[in-house]
Amino acid sequence: MDAILQIVITGLTLGSMYALGSVGLALTYGTMGMFNMAHGVFMTFGAYASYTAATLWGVPLPFAILLGVMAGGFIGASMHLFIVRFMLHREDFQTTIMVATAGVAILFQDLILKQFGAYPFKQPAQIEGLYRIGNTVVTYQSLAIMATAAVLISAMAWLLTKTRFGLAIRATAMNQDAAKLMGVKTELTYLQVMIIAGTLAAAAGILISSLASLSPAMGTNPLIRAFVICVVAGLGSVTGAGLAAIALGVMEAAIGYYFGVRYGFPVMLGLVILVLIFKPAGLFGKQGVVRA
Amino acid sequence: MTENSKTNKLASRRGFLKTAGLGSIGGVAAASLGTAASAQSGEPIVIGGPIQMTGGGAADGIEFKQGLEMAAEEINAAGGILGRPVKIVVADTESGGDDKITSAGQRLIDRDGASALITGYNFGSQVALQNVAADASVIYMHADTARAHTSLVGGDPEKYWSSFMYCPSEVFYGFAYLNFIKNLEETGQFTGANKKIALVTGPIQYSINIANSIKEEAAKYGYEISLYETVEAPTNDWGPTLAKIREDEPGFIVITHFFPGDQAQFMKQFLTNPTNSLVYLQYGASLAAFRDIAEEASEDVLYATNIGVLSGDVGTDFTARYLAKYGEKASANGGAQTYEALHMFAQAAAMAGGVGEAYDDVQNKKIADRLRTMIYRGPTGTIRFNPETQQAYSYPVETNDPSLGMSHIFSQIEKKEENGKIISPTPYGVTEFRTPKWIKS
């Protein structure tokens, strides 16, 4: 019983981090058809921004976290304004944007390395303390990760389904020209999507680094997992990405316990292959449309 | 395999360390064999550092680069190598595999004109740079701690005459660890809850080899392996592994996956609900990054290294100078490795009559001959190469004379603010083992 509880707690913690990392990726793909290879470095950027504010500038931790999240939004906006909007209307956008964002990822990773070095700094966003359920321990840090992910993803789902802003995003994703004819400022929508994706990625980066440490390459591993999750869910499905992330997190923890930790990620990759063979559009429907 | 008695330890330690320190100071002076004035005018000797400056091994890589730079400054201040100043050029191996490592080494030789390659450790198969060095006839000194080097060089000494591993291989960690815990139990310093060892290793060959050597030898020492788990890097959440450990409580936990951040997370998560287990973390816990991240959870952890800075005049002096130069967060254990390797190379080169360019196998073979026969005492102890495998001898595993082998030291962290204190072997121990505070009985 203790083991099962431990698997669930570990799985939910991992899944929450994966979910935050993948919904932003799903959103940009669903809206713009853009697979953002710099999504991982957005996470890194947010984590380092939060660390810098709290540790080097002495900003109180809640504000430092907020600054870190805002930094993610800022880098998302910058990427749109300086790169993406110039490429959006090209025929081969889906391919060229991958190359461009991969270049941005390498550049930013190197800049972070240049500025901070490779020393694995500790993320100050830590919550001490624990709660016991029988013989199993749940740390407040894990609870905070789950709660943060739940709040942000719920807010995201609400935004997409219940607001005019979300309607504009979904309309733009379905048909950009039709959305324009209906009065939607699609350029602005794309910018907003990039800001949201950057914000979510930064939040994920802060949470991931709170359970690991800061390093310029810290976004690489979560990006690969986010990609796996998006493929399993169906590229573009935001809620699907969130649910798939939780499911895969629990599955990884269970495989780690019953078969060995080293089998967790390979099984996830095997699942991607199966999904691509038997349900190429993913478990949650069609490609190319943002779905709450 | 031998350990002197505790009573002899205290009596002999001070005198031995004093002598060792004097030997090293003399050695540093001998490295120059030139004048400060001529060092300014000679053609620079380029020493290439194929070092992991980014990725998982970067925490150590930074120290390796600093160690090289510090040694170069000292050598140049003392007149260089026969009047020629030493210039360090580093190429990033990105904590990558053989492709990255090989291209970094080749680039240093072909583009930067490196006459020798000196580094700490790299990942990959750990036999990549030996081939680069053999092809270019340059001296290559490394601390990969790899049995792969021993097999490669020992198997074909004609081809790999230029490659030297200035520390023992990782397989000694297995014997030494088992010997260490058995000694703790036999001397009454610690009694394990049982004879079970939970072994957790990582994806790097070094970690796997150490885990396997413990697994293979455990029964001979009266222990059994209750868990053999392989984790990936990075591992942030240790939940499944800890669940298994808690389900079948072992008397001893050994983590050979050596990334300091991952080890720190293990300790933090382990201590939320600890078992009565003695925790040993391979190498990573010796780095400041581990204590920074783990904080209080780092205390009472045991770790070992067969190339760590020793107590006594030489080690203490080096540590003080290193930390003064690179800050309190720097790790002298990492920097000392390349620092002493470069000093040793400089001495050998000076004795051989100078450094040859790449592909000058005549002159560089003379340096290899000197390296093969000399004894160098640096901050981490004595480097003396086995002439057949060109691997440093281990003390106390291969020799019971600490002046003839690199010490395999066991340390325990007392305070999160300080490096661990050496508890073994004689004569370097500065404190006694203490039972970790999480062990209840």
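Residues numbered from 1 in each chain as written. Chains lettered and ligands numbered in written order. Predicted model: local features only at pLDDT ≥ 70, side-chain atom pairs only at ≥ 80, totals over all residues.

1. Remarks on the overall build of chain A
Phase 1: When helices and strands are counted, chain A shows eleven helices and two strands.
Phase 2: Counting from the amino terminus, chain A carries its helices and strands in the arrangement α-α-α-α-β-β-α-α-α-α-α-α-α.
Phase 3: The C-alpha atoms of chain A give a radius of gyration of 19 Å, which matches the 19 Å a tight globule of 292 residues would have.
Phase 4: With respect to the principal axes defined by its C-alpha atoms, chain A has extents near 60 × 50 × 35 Å.
Phase 5: In chain A, once contacts between residues fewer than 6 apart in sequence are set aside, the share between residues at least 24 apart is 77%. (Helix = DSSP H or I, 4+ residues; strand = E, 2+ residues; numbered from the N terminus. Rg over C-alpha atoms; globule rule 2.2 N^0.38 Å. Contact = placed C-beta atoms within 7 Å.)

2. Comments concerning the environment of alanine 346 of chain B
Residue and element names in this part refer to chain B.
Phase 1: Positionally, alanine 346 belongs in helix H13 (residues 332-352).
Phase 2: Looking at alanine 346, the number of C-beta atoms within 10 Å reads 30, which means it is buried.
Phase 3: When the C-alpha positions of alanine 346 and alanine 71 are compared, they lie 9.6 Å apart, and in sequence the two are 275 residues distant. (Buried ≥ 20, exposed ≤ 12 C-beta atoms within 10 Å, placed from the backbone.)

3. Topic: the sheet that holds strand S8 (residues 252-255) of chain B
Across a sheet, strands are paired by hydrogen bonds formed along the backbone, either parallel or antiparallel in direction.
Residue and element names in this part refer to chain B.
Phase 1: On the basis of which strands lie adjacent, the open sheet formed by seven strands has the order S7-S6-S8-S9-S10-S16-S17 and mixed pairing. One side of each edge strand has no neighbouring strand; the edge strands of this open sheet are strand S7 (224-230) and strand S17 (421-424). Taking the axes of each pair of neighbouring strands and ignoring which way they run, one obtains an average angle of 25 degrees across the sheet.
Phase 2: Bridging between S8 and strand S9 (residues 278-282) involves four bridges; their strand directions are parallel. Directly across from isoleucine 253, in S9, lies its bridge partner valine 279.
Phase 3: In the packing of helix H7 (residues 171-186) onto the sheet, the strands contacted are S8, S9, strand S10 (302-305), strand S16 (409-412) and S17, and the crossing angle to S10 comes to about 140 degrees. (Pairing = 2+ DSSP bridges. Axes fitted to C-alpha atoms, helices over the stretch in contact; angles between N-to-C directions.)

4. Thoughts on the interface of chain A and chain B
Phase 1: Every contact between the two is made by 29 residues of chain A and, on the other side, 28 residues of chain B.
Phase 2: Breaking the side of chain A that touches chain B down by element, the ones donating at least two residues are helix H1 (2-32), strand S2 (136-139) and helix H10 (238-258) of chain A.
Phase 3: Sort the elements by how many residues they give to the side of chain A that touches chain B and H1 of chain A lands first, with seven residues.
Phase 4: Grouping the amino acids of the side of chain A that touches chain B by side-chain chemistry returns 18 nonpolar, nine polar and two charged. (Nonpolar A, V, L, I, M, F, W, Y, C, P; charged D, E, K, R; others polar.)

5. Observations regarding the packing of helix H9 (residues 220-233) of chain A against helix H11 (residues 264-278) of chain A
Residue and element names in this part refer to chain A.
Phase 1: Contact geometry for H9 and H11: axes closest at 9 Å, N-to-C directions at 30 degrees. As the angle between them shows, H9 and H11 are arranged roughly parallel. Here H9 runs over H11; the crossing is left-handed. When H9 is examined against H11, the residues Val228, Val231 and Val232 are found in contact with a partner set consisting of Met268, Leu269, Leu271, Val272, Val275 and Leu276.
Phase 2: The residue inventory of the contact of H9 with H11, partitioned by class, reads nine nonpolar, no polar and no charged. (Parallel < 35°, antiparallel > 145°, perpendicular 65-115°, else oblique. Left-handed = near helix turned anticlockwise from the far one by under 90°.)

6. Some points on helix H9 (residues 239-247) of chain B
Phase 1: The element H9 of chain B is largely enclosed, with a buried count of eight among its nine residues.
Phase 2: Among the residues of H9 of chain B, Gly239, Pro240, Thr241, Leu242, Ala243, Lys244, Ile245 and Arg246 of chain B are the ones counted as buried.
Phase 3: On the buried face of H9 of chain B, the contacting elements are H1 and H10 of chain A together with strand S6 (196-201), S7, S8 and helix H10 (260-270) of chain B.

7. Let's talk about the domain arrangement of chain B
All names here are of chain B.
Phase 1: Each assigned domain of chain B is listed with its residue range as follows: domain 1 (13-168 + 311-395) and domain 2 (171-305 + 408-424).
Phase 2: Inter-centroid distance (C-alpha atoms) of domain 1 to domain 2 is 29 Å.
Phase 3: Taken residue by residue, the interface counts 17 residues in domain 1 and 16 residues in domain 2.
Phase 4: Every element with two or more residues in the side of domain 1 that touches domain 2 is listed here: helix H3 (58-77), H13 and strand S14 (394-395). (Domains from an automatic or database assignment.)

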